[in-house]
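Listed below, chain by chain, are the residues.
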Amino acid sequence: GMGGGLAIDAGKWIAEHLNKKLHSVPTVLSVNAAFCYKSAMRVNNVVTYMGRIFPEAIYIDFDIIKGAPKHLNVSGAGDLLACLTASYDWKLNSMVTKSHKFSQEIYDGAQELLGLLAENVDNIREVNDDGIYFMCEAYRWVAEHSAIMNHTMWESASEHAFFDNMEFVCKKGFLHGQIIGLAVYFMSLFQDNQHTRAVMMLKRLGIDITLKGLGITEDQLRTCLLTLREFTEREGLRYTIINAKPITPEWVDMAISKYKKDFNIDD
Ligand SMILES: [Zn+2]
């Protein structure tokens, strides 16, 4: 597979089903598809993760990566930022349903990754060698531990549920890391977990999570938040903060007005 996330995942899926060896050449670091053993597939308009395949090799050509549009590479950091909300959900999950085996060591590793992400914000935004190196190492770390644990809950939880529902509500696809950035904004606020840090990182990275930047309306955002629990239950998604407490209309009003203030969005 060669290209962006969709092409890489198509390559993975085909290689797995034809029993062929896999060589992945990501041309952009917008998602961790090249590193992850599962393939993201769209089933009935909902992205699900299936399969299990490991590449013979992953080829990273720094010049090719630098040649891709900057905002695509930077958006990949949005997907890494998902560790902030997902690891919180994972710990919560481990205390309630225990559906996804918990590891303190990996939890701590995820916090360390977030610390390194903060340190590398400027490198990532500029897509320089250090930034590319960090992104690849971070993706590799996540992927390696996903394969060991057979799940990815420290990097995919309530914020990915928000993303799934956003696609469902808006009936359109998004740049993954960009919509995950929006999701981390709202889920970290809902979790009351490192929200200020998340906002600071999103702003410094320059990931555009405004309504205009995402091509969504305030109504769609509101609907997504208000139907998130129902969507999570209907789709049988993993237990997260979304299941733990209700998302009330009052909270949604507060959250959206804070969001509009934080990102200077006028009515
Ligand atoms: Zn993701």
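The model shown is predicted, which means the values in this text are computed figures rather than measured ones. (Residues numbered from 1 in each chain as written. Predicted model: local features only at pLDDT ≥ 70, side-chain atom pairs only at ≥ 80, totals over all residues. Heavy atoms only, no water.)

## Some thoughts on the overall build of the chain
- Along the chain, the regular secondary structure elements total 14 helices and 5 strands.
- Expressed as lengths along the three principal axes of its C-alpha atoms, the size of the chain is roughly 50 × 40 × 35 Å.
- With 267 residues in all, the chain has 54% of them scored as buried.
- A sequence separation of at least 24 residues applies to 75% of the contacts in the chain between residues at least 6 apart. (Helix = DSSP H or I, 4+ residues; strand = E, 2+ residues; numbered from the N terminus. Buried < 20%, exposed > 50% of the residue type's maximum accessible area, 1.4 Å probe, protein only. Contact = heavy atoms within 4.5 Å.)

## Overview of the pattern of salt bridges
- Counted according to the given criterion, the structure contains 14 salt bridges.
- Salt-bridge contacts for R140 lead to E144; the nearest nitrogen and oxygen are separated by 2.7 Å. Of the two residues, R140 and E144 both sit in helix α6 (residues 129-149), 4 residues apart, roughly one turn of that helix.
- Residue class for R140 comes out partly exposed when judged on its relative accessible area of 39%.
- E144 gets classed as partly exposed once you look at its relative accessible area, which sits at 39%.
- Through salt bridges with shared partners, a single ionic network connects D122, R125, E126 and R204. (Salt bridge = Lys/Arg side-chain N within 4 Å of Asp/Glu carboxyl O.)

## Structural notes on the sheet that holds strand β1 (residues 2-3)
- Taken together, the 3 strands give an open sheet; going across it, the order is β1-β2-β5, and neighbouring strands pair in parallel fashion. With partners counted over all chains shown, the strands left at the sheet margins are β1 and β5 (57-58), one partner each.
- Note that strand β2 (residues 23-26) and β5 share 2 bridges and pair parallel. The partner of S24 across the bridge, within β5, is I58. (Pairing = 2+ DSSP bridges.)

## So, the coordination of the zinc ion
- Each protein donor to the zinc ion is listed here as D79 (OD), D79 (OD), H160 (NE2) and H176 (NE2); together their distances run 2.1 to 2.8 Å.
- In this structure, the zinc ion is coordinated by 4 donor atoms arranged in irregular fashion, with angles at the metal of 51 to 145°.
- Each donor residue of the zinc ion lies on the same chain, and together they follow the pattern D-x80-H-x15-H. Taken together, the positions of D79 in helix α3 (residues 70-96) and H160 in helix α7 (residues 158-170) put the pair 81 residues apart, joining distant regions of the chain. Across this residue pair, the class does not change: D79 and H160 are buried. (Donors = N, O, S within 2.8 Å, 3.2 Å for Na, K, Ca; no water. Tetrahedral: all angles 85-135°; square planar, octahedral: opposite > 155°, others 65-115°.)

## Things to note about the pairing of strand β4 (residues 46-50)
- Pairing geometry for strand β3 (residues 39-43) and β4, over 5 bridges, is antiparallel. Looking at β4, one finds that A40 is bridged to Y49.
- The turn linking β3 back onto β4 is made up of 2 residues, and N44 within it adopts a positive phi angle of 50°.

## So, α6
- With 21 residues, α6 should reach 30 Å at 1.5 Å per residue; the first-to-last C-alpha distance of 30 Å fits that figure.
- Backbone nitrogen of D130 and a side-chain oxygen of the N-cap are separated by 3.2 Å at the start of α6; the cap is N128.
- At the C-terminal side of α6, N150 shows a positive phi close to 65°. (Expected span 1.5 Å × (residues − 1). Polar contact = N/O pair within 3.5 Å; in protein donor to acceptor, adjacent residues only side chain to side chain.)

## Concerning unusual backbone geometry
- Located in the positive-phi region is V127, a residue other than glycine, with phi close to 50°.
- Within the fold, V127 resides in the loop between α5 (121-126) and α6.
- A relative accessible area of 8% places V127 in the buried class.
- You will see that N150, though not glycine, has its phi angle at about 65°, which is positive.
- With respect to the helices and strands, N150 occurs in the loop between α6 and α7.

## A short note on the packing of α3 against helix α4 (residues 104-119)
- The N-to-C vectors of α3 and α4 enclose an angle of 145°; their axes lie 10 Å apart at closest approach. As for the relative orientation of α3 and α4, their crossing is left-handed in sense. Each of A77, L80, L81, C83, L84, S87, Y88, W90 and K91 in α3 lies in contact with α4, whose residues at this interface are Q104, I106, Y107, A110, Q111, L113, L114 and L117.
- When its residues are assigned to classes, the contact of α3 with α4 shows 13 nonpolar, 3 polar and 1 charged. (Axes fitted to C-alpha atoms, helices over the stretch in contact; angles between N-to-C directions. Left-handed = near helix turned anticlockwise from the far one by under 90°. Nonpolar A, V, L, I, M, F, W, Y, C, P; charged D, E, K, R; others polar.)

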